[in-house]
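# Working through the structure, step by step
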Amino acid sequence: MTIAHHAPEELLAAFAAGKLDEGEHLVVAVHASQCRVCRRFVRAMETIGGAAVEAAEPAPMSSGSFEAVIVRMEQSSPNVLQPSGHDSEDDGLPEILRHYRIGRRRRIAPGVSLRPIELSGKGTSRAFLLKSGPGTRMLEHTHTGIELTCVLKGSFSHVGGRFGPGDFDYGDDTLDHQPLVGSEEPCVCLVAMTGDLRMNGFFGRLISPFVRL
Amino acid sequence: MTRGSQAVRKSLGSMIGRSFRQVRSRKYDNERPKAKVEWADLIGRIASHGDRDAFRLLFEHFAPRVKGLMLKAGASGEEAEEIAQDTLLAVWRKAAQFDPASAGAPAWIFTIARNLRIDAVRRSARAGVAVPDAELEYFPDPADSQEIQIVKRSDTEQIASAISRLSKDQSTAIRMSFIEDRPHSEIAEALRVPLGTVKSRIRLAMSRLKDSLEELK
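Overview of the structure. Since we're looking at a predicted model, the values are computed, not measured. (Residues numbered from 1 in each chain as written. Chains lettered and ligands numbered in written order. Predicted model: local features only at pLDDT ≥ 70, side-chain atom pairs only at ≥ 80, totals over all residues. Heavy atoms only, no water.)

Applying the stated rule across the entire model yields eight aromatic pairs over all chains. Between A:F66 and B:F55 the ring centres are 6.0 Å apart and the planes differ by 25°, which places this aromatic pair in the stacked class. Note that A:F66 is positioned in helix α4 (residues 65-74) and B:F55 in helix α3 (residues 52-72), a pairing that runs across two chains. Taken together, a centroid distance of 5.2 Å and an interplanar angle of 15° make the contact between A:F156 and A:F163 stacked. Among the aromatic residues, those joined into a ring-pair cluster are A:F66, B:F55, B:F59 and B:W92. Lying over the aromatic face of B:Y138, B:R114 brings its terminal NZ or CZ to 3.4 Å of the ring centre. (Phe/Tyr/Trp six-rings, centres within 6.5 Å; stacked < 30°, edge-to-face > 60°. Helix = DSSP H or I, 4+ residues; strand = E, 2+ residues; numbered from the N terminus. Lys NZ or Arg CZ within 6 Å of the ring centre and 35° of its normal.)

Structure representation (structure tokens):
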């Protein structure tokens, strides 16, 4: 897989520091898991994180802290991976997403449907899988916030170029675009969105309420 | 202190007191392990035979630093203490997973603390929704083939040399901004430079790091 579009460094750095909003975190994680270039950048930031630990002003631990940890060491239980809900539609999803609960598919426009991903709700972004039929022209839209996309399957193109599997697309309110889905197969994307999506044109305004999740 | 922990302290005393003093007598206090290798060594001792002396040394060095970093990054005293304890507990439990060919013990410990912090935030959100552990989202390594090991080792070296190409000012700025999560204005004050300088320094440092990583590929 050749990845042509990467996540911006600021996002990767915030991801490595564990400071990204939940939905955005997920999209960056899925992209980086498929992209060696971005993974190396994250590793570099983690190395700087290690230097930050070494450079940190030591804060005295509470009294009895070490002993408390020793007690817990003795009761040590192996970490068990929690099983996640799984249905056949999840096959082919990146490993990272398989640990999440993914809601039922909802049709939001002709040829376009989405499945919401259940997050803890602590963040401000929403995440979903967006599936569009081959050749679908997405509605012209602008964002009031940020939209992060990682292509999982198929492709789309807009003024920024062509985006195929693994590619990362960063959309903010400066972008007024109308992606065209590649004709070869349906396009499935993982999307995280903050703020609202504003559909332009009559039809867009009509379906906007549904897209707002 | 509760009676329980007193008992623990006592049994600890008999369990590790003597051998720990022996370790101390090797002047660990004056020349505490500096090289990555030595921290890695201690982790290796935990992995191979559950060495509690090794654990104590790691705890004494890293727990207060993890706590300090968490405090700086905005955690409350209680949260920072909890994350520091949990981090060291995880060092004990996961010692066998530590890869000496990786970026080194401090970076590994940093990622453990970071993941625990993310998990704490997620769990504080709303009960009932099962969200996975952050650990699963930072590209857990596939089964290590020899080939992967080689790639990993050269990655680690290249990453280290890419970082070494940053100036001290640049890496400090990155660290303060992203790892310690301090606002640009505060960084400007701490480094005694104008706000604009902080912004451009961070931007430059990031693109330099990115370029170095590309060149070294």
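Here the narrative resumes.
Bringing the side chain of B:Q158 into the picture now. On the secondary structure map, B:Q158 appears in helix α6 (residues 146-164). Overall, the relative accessible area of 17% leaves B:Q158 in the buried class. Reaching out from B:Q158, the side chain makes a polar contact with the side chain of A:R40 at a distance of 2.5 Å. Those residues in contact with B:Q158, other than ones at most four positions away along the chain, are A:R40, B:L216 and B:K217. (Buried < 20%, exposed > 50% of the residue type's maximum accessible area, 1.4 Å probe, protein only. Polar contact = N/O pair within 3.5 Å; in protein donor to acceptor, adjacent residues only side chain to side chain. Contact = heavy atoms within 4.5 Å.)

The subject of this paragraph is the interface of chain B and chain A. Between chain B and chain A, the contact holds 70 residues from the first and 63 residues from the second. Taking both sides of the interface into account, the surface hidden between chain B and chain A amounts to around 6,300 Å²; carbon and sulfur atoms contribute 65%. The interface formed by chain B and chain A holds seven salt bridges in total. Where A:R36 meets B:D155, a salt bridge forms, and the shortest distance between an N and an O atom there is 2.6 Å. Run the count over chain B and chain A and you get 20 residue pairs in polar contact (both at pLDDT 80 or more). Broken down by secondary-structure element, the contributors of at least two residues to the side of chain B that touches chain A are α1 (3-25), α3, α4 (77-94), α5 (105-123), α6, α7 (168-179) and α9 (195-215) of chain B. Considering every element that reaches the side of chain B that touches chain A, the biggest residue donor is α3(B), with 15 residues. The class makeup of the residues in the side of chain B that touches chain A is 41 nonpolar, seven polar and 22 charged. (Buried area = accessible area lost by both parts, 1.4 Å probe. Salt bridge = Lys/Arg side-chain N within 4 Å of Asp/Glu carboxyl O. Nonpolar A, V, L, I, M, F, W, Y, C, P; charged D, E, K, R; others polar.)

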